[in-house]
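# Summary of the model geometry
Each chain, letter by letter, is given below.
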Amino acid sequence: MGSDTETEKKTPVALMPIAKPLAGKKLCKRTLKLPPRPSASSAESKEVVKSIRRGNKGLCVIAGNVSPIDVITHVPILCEEANVPYIYVPSKEDLATAGTTKRPTCCVLVLTKPTKGELSEEVKDKLKSDYDQVVTEVAEATSAMF
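Residues numbered from 1 in each chain as written. Predicted model: local features only at pLDDT ≥ 70, side-chain atom pairs only at ≥ 80, totals over all residues. Heavy atoms only, no water.

### Brief notes about the overall build of the protein
Counting its regular elements, the protein contains five helices and four strands. The secondary structure elements of the protein, listed N-terminal to C-terminal, are α-β-α-β-α-β-α-β-α. Counting over 146 residues, the protein shows a buried share of 39%. On the protein, roughly 9,200 Å² of surface is accessible, and the fraction owed to carbon and sulfur atoms is 55%. (Helix = DSSP H or I, 4+ residues; strand = E, 2+ residues; numbered from the N terminus. Buried < 20%, exposed > 50% of the residue type's maximum accessible area, 1.4 Å probe, protein only. Areas by Shrake-Rupley, 256 points an atom, 1.4 Å probe, with all protein chains shown as cover.)

### Side note on the pattern of salt bridges
Tallying each qualifying case throughout the model produces three salt bridges. A salt bridge links Glu137 to Arg30; the nearest nitrogen and oxygen atoms lie 2.2 Å apart. Taken as a pair, Glu137 in helix H5 (residues 121-145) and Arg30 in helix H1 (residues 25-32) lie far apart in primary sequence, 107 residues in all. Looking at Arg30, the relative accessible area reads 29%, which means it is partly exposed. (Salt bridge = Lys/Arg side-chain N within 4 Å of Asp/Glu carboxyl O.)

### As for the pairing of strand S3 (residues 86-89)
Along S3, one buried face is formed by Tyr86 and Tyr88 and the opposite face, lined by Ile87 and Val89, is buried too. For the crossover that starts at strand S2 (residues 58-63), traverses helix H3 (residues 75-81) and ends in the parallel S3, the hand is right-handed. (Right-handed = clockwise from strand over helix to strand, strands pointing away.)

### Points about the pairing of strand S4 (residues 107-111)
The buried fraction of S4 amounts to five of the five residues, a majority that puts the element mostly inside the structure. Residues Cys107, Leu109 and Leu111 of S4 are buried on one face, and the alternating residues Val108 and Val110, pointing to the opposite face, are buried as well. Both S2 and S4 contribute to a ladder of five bridges, which runs antiparallel. Residue Cys60 lies in a different strand from S4, and its bridge partner there is Leu109. (Pairing = 2+ DSSP bridges.)

### With respect to H5
In this model, H5 (25 residues) spans 36 Å end to end at C-alpha, consistent with the 36 Å of a helix rising 1.5 Å per residue. For H5, the full list of buried residues reads Leu127, Tyr131, Val134, Glu137 and Val138. (Expected span 1.5 Å × (residues − 1).)

### Re the nonpolar core
Membership of the largest hydrophobic core comes to 38 residues, with the highest contact counts inside it found for Cys60, Ile62 and Ile72. Of all the secondary-structure elements, those providing two or more residues to this core are H1, helix H2 (45-53), S2, H3, S3, helix H4 (92-98), S4 and H5. Among all residues touching Ile62, those that are not within four sequence positions of it are Ile72, Val75, Pro76, Tyr86, Ile87, Tyr88, Val89, Leu95, Cys106 and Cys107. (Core = buried A, V, L, I, M, F, W, Y, C linked by side-chain atoms within 4.5 Å. Contact = heavy atoms within 4.5 Å.)

### Remarks on the packing of aromatic side chains
By the definition in use, this model includes one aromatic pair. Ring centres of Tyr86 and Tyr88 lie 6.2 Å apart, and the angle between their planes is 85°; this geometry places the pair in the edge-to-face category. Judged on exposure class, the residue Tyr86 and its partner Tyr88 are both buried. (Phe/Tyr/Trp six-rings, centres within 6.5 Å; stacked < 30°, edge-to-face > 60°.)

By themselves, these are just geometric observations and shouldn't be taken as functional.
So, in structure tokens, the structure goes:
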């Protein structure tokens, strides 16, 4: 039996073969810090697809361990057509935790402007600076891929 002092190792996640560009540890951590603002993000693939088709701009964060793969194979194509940056993170459970939901989430669109209500100037500035930093790193990861 294990004791409380033992550290539990995370089991490796089975990633989809299309999960590219995949965020590294640092970028994954920064990316997962963005979604917790519910007024500035939309979760689940239906909402994300609607939002992208309506012309909303943001950063699309996609889980790399979604099964079946057909659920989100169309999302990166929509993102590329709409010039929306996207990145894969290893786990849908981590993505859900970052978005403050209990259910595993397959993708999230992080928006710079809230869909409902207003954000204070301080929160807006922090969100914008964090968002810009992550988008720059996503662009570097994507360009290194090609």
